[in-house]
Amino acid sequence: MKNFKLTLIALLLFIPVLVAGCGSPQATNLPAAKPVAAPGELDFSGVVLRIAAAQGANGQSIIEAAGLDKTPYKVEFHVMQGGNLVLEAMAANQIDLGTGSQIPPIFSSQAKNGGNLKIIATKKATTLLQELVVAGNSPIQSVKDLKGKKVAYVKSTTAHYFLAKMLEQAGLAWQDVDAIAMTTSDGLTALLTGEVAALASYGNAIRSAHAKGARTLQSADKILSGDFYFFATPAAIQDPRKHAAIVDYLSRFHAANEWARNNPDKWAAHYAPQVNQKAADFLKQYLEENAQTKTVIVPVDAATIASEQDIANTFAKLGMLKAGIDISKIFDRSFDAEIAKFKKY
């Protein structure tokens, strides 16, 4: 492998050169954020950044589409079927960097080794398609009407959290409904066959439910923060070369999402086949999501930690976590200053 000896100045200049050369007229005006490296020379030869996400759109796929995938370190990117599996891989030290929603890290952090993770950055993203839905012909008109009814939900996920908050807002306790934990696919089937009165779920399950005539009882768009996380192992955080590589990778992801916003048709054509969708359908979904929230990388802040603490407290009330957990301990703030220098979109 060719040795990459990058001084601090060279690293700062590296990404803008790449963006300018990615071949899109829009891209020439969209330089990636400038990562900040440790002083002195950084030799990236032999550095392998092992990354996992539940979707390629949350990492390598969008970076490749934007032409920002020529990194001075090797990237091993894995798509896994859920954020819980990403964190299982992190706990086993099989990956260095992962991404997912707010919920799984809370539970992973309670393992003996703390889940081998620290939350290092926040990804702001859409809260659309996070809903409590009922069948189109259901007589249920409000969350209060669910008292005594069977409600399917996806355990230890955003759906679990927002269902608890919706019930609380309606003056109901968790025990006032017959809450049944199911997978996204099983929950959808149960709703469509009438086995349950309502379904709390997200993503494709909600999209499919609406296609089959289901209607929204309540959206979680005002309950969820829209915060998603990038998390890393303590070993990767403490390794100067991997730390710098992570900053660089996050800046590429940040810039790639701006490229996608300026090239939605190209992004849809690139990514839709990877998720078995028609490009037109994916494009419609993508535009709706971005109309609500731009996907950007921002530093961890007090509001993010407070939101995570509320989630932990909610699960403690449900008896799934011990009370009094100080969730701030699972955050690492050593990336904040570097991420704060990313370009504002």
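Quick caveat, the model's predicted, so the values are computed rather than measured. (Residues numbered from 1 in each chain as written. Predicted model: local features only at pLDDT ≥ 70, side-chain atom pairs only at ≥ 80, totals over all residues. Heavy atoms only, no water.)

Time to look at the sheet that holds strand 4 (residues 74-79). Spatial ordering of the open sheet is given by 4-3-5-12-6-13, a layout of 6 strands whose pairing is mixed. One side of each edge strand has no neighbouring strand; the edge strands of this open sheet are strand 4 and strand 13 (296-298). Strand-to-strand twist across the sheet, computed as the mean angle between neighbouring axes with direction ignored, equals 25°. Note: strand 5 (residues 97-100) against strand 12 (residues 227-232), 4 bridges, orientation antiparallel. For glycine 100, the partnering residue across the bridge sits in strand 12 and is tyrosine 229. (Pairing = 2+ DSSP bridges. Helix = DSSP H or I, 4+ residues; strand = E, 2+ residues; numbered from the N terminus. Axes fitted to C-alpha atoms, helices over the stretch in contact; angles between N-to-C directions.)

Take the pattern of salt bridges next. The final tally for this structure, using the stated rule, is 12 salt bridges. The partner of lysine 74 in a salt bridge is glutamate 76, with the nearest N and O atoms 3.8 Å apart. With its nearest N and O atoms 2.8 Å apart, the salt bridge here joins glutamate 258 to arginine 261. In this pair, glutamate 258 and arginine 261 are both assigned in helix 9 (residues 240-262), 3 residues apart and thus about one turn of the helix distant. Taken individually, glutamate 258 and arginine 261 each receive the classification buried, so the pair is uniform in this respect. Through salt bridges with shared partners, a single network forms among Arg50, Asp96 and Lys242. (Salt bridge = Lys/Arg side-chain N within 4 Å of Asp/Glu carboxyl O. Buried < 20%, exposed > 50% of the residue type's maximum accessible area, 1.4 Å probe, protein only.)

Moving on to empty space enclosed by the protein. All told, the structure shown has 2 cavities of 30 Å³ or more when counted by the stated rule. Residues that form the lining of the largest cavity fall into these classes: 2 nonpolar, 7 polar and 1 charged. (1 Å grid on protein atoms, 1.4 Å probe; cavity = no way out; pocket = protein on both sides within 12 Å on 5 of 7 lines; lining within 4 Å. Points joined across faces, edges and corners; volume = space filled by probe spheres on them. Nonpolar A, V, L, I, M, F, W, Y, C, P; charged D, E, K, R; others polar.)

What follows is about the nonpolar core. If you look at the biggest cluster of nonpolar residues, it comprises 50 residues, and the most contacted ones within it are Leu132, Leu146, Phe162, Leu163, Phe231, Ile327 and Phe331. Among the elements of the structure, helix 3 (83-91), helix 4 (103-108), strand 7 (130-134), strand 8 (150-153), helix 5 (158-169), strand 10 (198-202), strand 12 and helix 12 (302-317) are those that each provide at least two residues to this core. The greatest single-element share of this core, amounting to 7 residues, is contributed by helix 5. The contact partners of leucine 163, leaving out residues within four places of it in the chain, are Leu132, Val151, Tyr153, Trp174 and Ala200. Ile63, Leu68, Leu97 and Leu250 belong to the second-largest nonpolar core, a separate cluster that totals 41 residues. (Core = buried A, V, L, I, M, F, W, Y, C linked by side-chain atoms within 4.5 Å. Contact = heavy atoms within 4.5 Å.)

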